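Residues per chain, in single letters:
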Amino acid sequence: MYQVSLVHADETHVSSKSKTQLADVVLKECPSLAKTATFRQSPLVPGGHAQTIYAFLGYYAYYAHSLVRPKFTRENFRLSDGGTVALDWALCDNHTERPIVTILSGVTGTSCDFYVRRCYKEFAKLGYSTVVIHSGGSKLTTPLPFHCGFTDDYKEVVADIHTRLPQCPLLGLSFSLGANIMTKYVGEEGDNCPLAAAIAVGNPYDMYEVIKHLDSQRFSPTRMYDIAILNFLKTAFRADQGTITSAPVDFNVKRISQSSSIMEFTEEMTRKAFGYQSAKHLLDDSSCGPHLKNIRIPMLFLNSLDDPICIERLIPFEEFVGNPYLVLALTAHGGHIGYMGGSWPTSWVEQPVSQFFAAMLKHYDD
């Protein structure tokens with residue numbers, strides 16, 4: 001019930017350094033993912049919804065703290081298409097030679113997210129630099145808004161960092177919607193991916209089915225996540241309405257503003273902005289699931305079976321059994337990126353994340 005279960009191919013990718021299989025490296029050098037590893041949810045935060053909400057509320061504590069003692073320095077990165085991405089940097093000592101963890105958070109994510117800050121602390125101990133990449137951190141400067149499968153921005157940022165700091169191994173850490181984007185990117189890049197290793201936490205895998213699931217929860221606690229995401233999307237649209245509607249597209253602003261579901265908003269705004277025939281067409285094209293088979297770097301996936309958003313039936317288990325570069329770690333509890341264990345709620349997710357990266361750099365980074 002509490003054991004951390006691993007799903008992977010019978011024969012996983014072999015390290016060119018140590019001649020050790022990926023699964024064996026994980027089992028031997030990542031105590032949080034070993035055969036005897038467990039995750040026990042805190043009795044004070046029982047169940048998927050409580051775990052999810054507790055971690056979300058942690059954002060406000062870290063946001064208030066960041067106003068007093070900011071840990072990150074912002075860079076407004078100008079993209080080749082004229083767009084702007086906010087990069088929040090935390091550089092370690094001797095940063096021109098040390099590993100850099102690139103982080104993509106969720107749909108509402110920032111560098112103040114609870115799980116981002118917890119992981120950042122572990123990376124600082126290891127002597128890694130951190131950069132949080134979020135399109136929502138800057139004013140929109142082109143008519144194209146953010147969407148759930150758009151990998152171009154992340155690809156351009158990673159390429160630029162690799163050019164600026166060529167001696168630094170690059171790692172990718174992602175959460176929720178960011179996990180979908182990063183996984184899709186890693187699959188698209190295949191053998192040419194510049195990341196040494198990557199991690200996806202709370203990956204939705206199938207964007208159409210996840211949004212359909214959220215929109216259908218009319219009389220369930222899950223409905224609150226649907227409302228929160230929809231309100232965020234509407235607020236983002238209002239903030240950049242003039243820029244978005246300057247494109248030669250037939251937007252109906254009233255219908256966008258009155259959308260009653262994420263699917264309806266996607267149909268009325270996002271799919272039109274990107275030239276898709278329908279919301280389903282955009283969401284299917286945005287999903288990372290079909291790209292898992294093309295991943296060619298060691299990549300860890302963390303999912304909890306009581307996640308109320310990225311639900312168990314959408315996890316493509318067959319892809320993890322079929323690709324030797326992938327390891328899926330499952331916990332019975334943890335909610336959507338909650339992972340609060342201990343008698344007093346204490347974050348767990350940074351433990352497997354930091355252990356996996358350290359092991360991958362030791363065995364796989366050339």
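The residue count restarts for each chain, going from 1 along the sequence in the order it is written. In keeping with the predicted nature of the model, local features appear solely for residues at pLDDT of at least 70, side-chain atom pairs appear and are counted solely at 80 or more, and the whole-chain, interface and lining totals rest on all residues. The basis for every side-chain value is the complete set of non-hydrogen atoms in the structure, without hydrogens or water.

## Points about the overall build of the protein chain
So the rule is basically this: Only DSSP runs of H or I covering at least 4 residues are called helices, and only runs of E covering at least 2 are called strands; the numbering of each starts at the N terminus. For a compact globule the rule gives 2.2 Å times the number of residues to the power 0.38, and the radius of gyration it is set against comes from C-alpha atoms. Burial here depends on accessible area, computed with a 1.4 Å probe over protein chains only, as a share of the maximum for the residue type. Under 20% is buried, over 50% is exposed, and the range in between is partly exposed. By the convention used here, residues are in contact when the closest approach between their heavy atoms is within 4.5 Å.
Along the backbone of the protein chain there are 13 helices and 11 strands. Relative to the compact-globule value of 21 Å for 366 residues, the protein chain shows a C-alpha radius of gyration of 20 Å, a close match. With the C-alpha coordinates aligned to their principal axes, the bounding extent of the protein chain is approximately 60 × 45 × 45 Å. For the protein chain, the residues scored as buried account for 58% of the 366 residues in total. Put simply, of all contacts in the protein chain between residues at least 6 apart along the chain, 78% involve residues at least 24 apart.

## A few points about helix α1 (residues 22-29)
One turn of an α-helix holds 3.6 residues; hence residues three or four places apart share an orientation. What counts, and what does not: It is the directions from the helix axis to the C-beta atoms that the arc portrays.
For α1, the set of buried residues is L22, A23, V25 and V26. Seen end-on, α1 carries its buried residues on one side only, within an arc spanning 160 degrees. Where α1 is buried, its residues contact β1 (5-8), β9 (326-331) and α13 (350-363).

## Brief notes about the pattern of salt bridges
Threshold: For this document, the term salt bridge refers to a Lys or Arg side-chain nitrogen within 4 Å of an Asp or Glu carboxyl oxygen.
Evaluation of the coordinates by the stated rule reveals 15 salt bridges. Taking the shortest distance from any N to any O, the salt bridge between R164 and D160 comes out at 2.7 Å. Here the residue R164 and the residue D160 both occupy positions in helix α4 (residues 152-164), the gap between them amounting to 4 residues, near one helical turn. Its relative accessible area of 40% is what places R164 among the partly exposed residues. Exposure remark for D160: the relative accessible area of 24% places this residue in the partly exposed category. When the shortest N-O distance is used, the salt bridge between D284 and K280 registers 2.5 Å. In this pair, D284 and K280 are both assigned in helix α11 (residues 279-286), 4 residues apart and thus about one turn of the helix distant. For K280, a relative accessible area of 39% gives the class partly exposed. One connected set of salt bridges, linked through shared partners, spans E75, D160 and R164.

## Here we look at the packing of aromatic side chains
Note the following rule: Paired rings are identified among Phe, Tyr and Trp, the last through its six-membered ring, by centres lying within 6.5 Å, and are further divided according to the angle between planes into stacked (under 30 degrees), edge-to-face (over 60) and tilted (the rest).
Summed over the entire model, instances satisfying the criterion amount to 13 aromatic pairs. Their ring planes at 45 degrees and their centres at 6.0 Å tell us that F123 and F357 sit as a pair that is tilted. You can see F123 sitting in helix α3 (residues 114-126) and its partner F357 sitting in helix α13, a full 234 residues away along the chain. Take F123: its relative accessible area is 0%, and that puts it in the buried class. Classification of F357 as buried rests on a relative accessible area of 0%. Here a set of aromatic residues connected by ring pairs shows up, and it is made of F123, Y128, F356 and F357.

## Here's the deal with the sheet that holds strand β7 (residues 197-201)
Just so we agree on the cut-off: A pair of strands is treated as paired once DSSP finds two or more bridges between them. Fitted lines through C-alpha atoms serve as axes, helices being fitted only where they are in contact, and the angles separating the N-to-C directions of these axes extend from 0 to 180 degrees.
Here 9 strands make up an open sheet; going across it, the order is β1-β9-β8-β7-β6-β4-β5-β3-β2 and the pairing mixed. Each edge of the open sheet is held by one strand with a lone partner, namely β1 and β2 (73-78). Taking each pair of neighbouring strands and ignoring which way they run, the sheet shows an average axis angle of 20 degrees. The sheet contact formed by strand β3 (residues 84-90) and strand β5 (residues 129-134) spans 5 bridges and is antiparallel. For A90, the partnering residue across the bridge sits in β5 and is T130. On the sheet, α13 packs against β4 (100-104), β6 (170-175), β7 and β8 (299-304) and is oriented at approximately 165 degrees with respect to β7.

## Examining the nonpolar core
The test is simple: For the purposes of this section, nonpolar cores are sets of buried Ala, Val, Leu, Ile, Met, Phe, Trp, Tyr and Cys residues that join through side-chain atoms within 4.5 Å.
Ranked by size, the top nonpolar core spans 41 residues in total, and within it L173, F356 and F357 carry the most contacts. Looking at this core, the elements that each hand over two or more residues are α1, β4, α3, β6, β7, β8, β9 and α13. Ranked by the residues each element gives to this core, the list is headed by α13, at 6 residues. Grouped together as the second largest cluster of nonpolar side chains are 38 residues, L79, L165, A200 and I297 included.

## As for the pairing of β2
Judged from the 6 bridges that link them, β2 and β3 form a sheet pairing that is antiparallel. The residue bridging F77 from the neighbouring strand is V85, located in β3. Once β2 ends, the chain turns through 5 residues before running back antiparallel as β3, passing G82 with a positive phi of about 95 degrees.

## Thoughts on the pairing of β4
For a regular strand, the rule is simple: side chains alternate between the two faces of the sheet. Defined as follows: With strands facing away from the observer, any crossover in which the path from the first strand over the helix to the second runs clockwise is taken as right-handed.
Most of β4 sits out of view: 5 of its 5 residues are buried. Burial along β4 is two-sided: I100, T102 and L104 facing one way and V101 and I103 facing the other are all buried. Bridge analysis of β4 against β5 gives 4 bridges, and the strand direction is parallel. Looking across to β5, one finds that T102 is bridged to V131. Handedness of the β-α-β unit built from β4, α3 and β5 comes out right-handed. Relative to β6, β4 runs parallel, the two being bridged by 5 bridges. From the neighbouring strand, L104 faces β6, where its bridge partner is S174.

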